[in-house]
Amino acid sequence: MSVLTSEAVVLRTWPIREADLIVSFFTRDYGRMKGVAKSALKSRKRFGGALEPMTVARAWFVEKPRQELVRLDQLEILRSPLAAPVDHARMAVLSFFAELLDEALPEHDPQETVFRLLVSVLEQTTAVQPDIVQPQSAGPQSGPWMALTYFSLWMTRLMGLLPDIAHCTACGEALKAGETSFNSLGDGLFCAVHRNGNASALSADSWQLAQRMLRAPVSAFAGESWPRRRGMDLRRFTLQSLERHLERRLRTAEALGRLGG
Ligand SMILES: [Zn+2]
């Protein structure tokens, strides 16, 4: 058995036996894994604060034949979510990333594009917030809502749940800003003719934003002002698609909803 190593993001941990933890972690090279971290609650040397969900770390682990769980030997922090001050909105957004990935990613299946997406949005989510930095460095700050919107949209695309959003899913006609809708029954967006009874409108701003987000990296939106309400209908659209596909409600999405996200 050889020790494998990969960049990884910690998704979730839960205790088994005294001082041991099971860790669900998403590696760049091997996909999502579950492993046992022996004595994790005692060994600060091997794990330190790296078991906090959404920590980006270098992981060392051993795969065992015919066993589902790997042995997680060590994590070395590359970027910690705790490096920036904690606030409710940011922690709720990070918890959402963790839950969605834990639910959506198959185990032992490398998902390099998803991994790169995650690392890039984490850089934005852990950026220092405007109200606690010196005024001279505080331009417009996007905060966690932009990162949440970008991540949700791209996860919907990468999971194959987002048909061409420039055209109506039903008839293929080009959509027009302000006349675009989505509904809880099917993927994609619909024109005014194919808007069904329980449809919700997608605002012109959100529709244009979605098209820009699918063409540009998340860093391109970092300088924009992002009040919490911006893109809220777009987030609802993507969440509906994700939850319909997963066939369950995401607990952390309810928490975000209570924060007005
Ligand atoms: Zn149509």
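Since we're looking at a predicted model, the values are computed, not measured.

1. Quick word on the packing of aromatic side chains
- The final tally for this structure, using the stated rule, is 7 aromatic pairs.
- Where F26 meets F115, the ring centres are 5.3 Å apart and the plane angle is 65°; that geometry is what we call edge-to-face. Here the residue F26 occupies a position in strand β2 (residues 20-27), and F115 occupies one in helix α3 (residues 112-125), the gap between them amounting to 89 residues. Of the two residues, F26 and F115, both sit in the buried class.

2. Details of the coordination of the zinc ion
- For the zinc ion, every protein donor is listed as C168 (SG), C171 (SG), C191 (SG) and H194 (ND1), and the spread of their distances is 2.1 to 2.4 Å.
- Coordination at the zinc ion comes from 4 donor atoms whose angles at the metal span 96 to 122°, giving a geometry best classed as tetrahedral.
- Read in sequence order, the donor residues coordinating the zinc ion give the pattern C-x2-C-x19-C-x2-H. With C171 in the loop between α4 (143-158) and β6 (180-182) and H194 in the loop between β6 and β7 (200-202), the pair connects residues that are 23 residues apart, well separated along the chain.
- Assessed through its relative accessible area of 34%, C171 is described here as partly exposed.
- Accessibility expressed as a relative area gives 33% for H194, which makes it partly exposed.

3. Side note on unusual backbone geometry
- Phi at A19 takes a positive value of approximately 75°, unusual for a residue other than glycine.
- With respect to the helices and strands, the residue A19 is situated in the loop between β1 (3-16) and β2.
- Relative accessible area serves as the criterion here: at 9%, A19 is assigned to the buried category.
- Not every positive phi belongs to a glycine, and E247 is a case in point at roughly 60°.

What counts, and where the lines are drawn
Residues numbered from 1 in each chain as written. Predicted model: local features only at pLDDT ≥ 70, side-chain atom pairs only at ≥ 80, totals over all residues. Heavy atoms only, no water. Phe/Tyr/Trp six-rings, centres within 6.5 Å; stacked < 30°, edge-to-face > 60°. Helix = DSSP H or I, 4+ residues; strand = E, 2+ residues; numbered from the N terminus. Buried < 20%, exposed > 50% of the residue type's maximum accessible area, 1.4 Å probe, protein only. Donors = N, O, S within 2.8 Å, 3.2 Å for Na, K, Ca; no water. Tetrahedral: all angles 85-135°; square planar, octahedral: opposite > 155°, others 65-115°.

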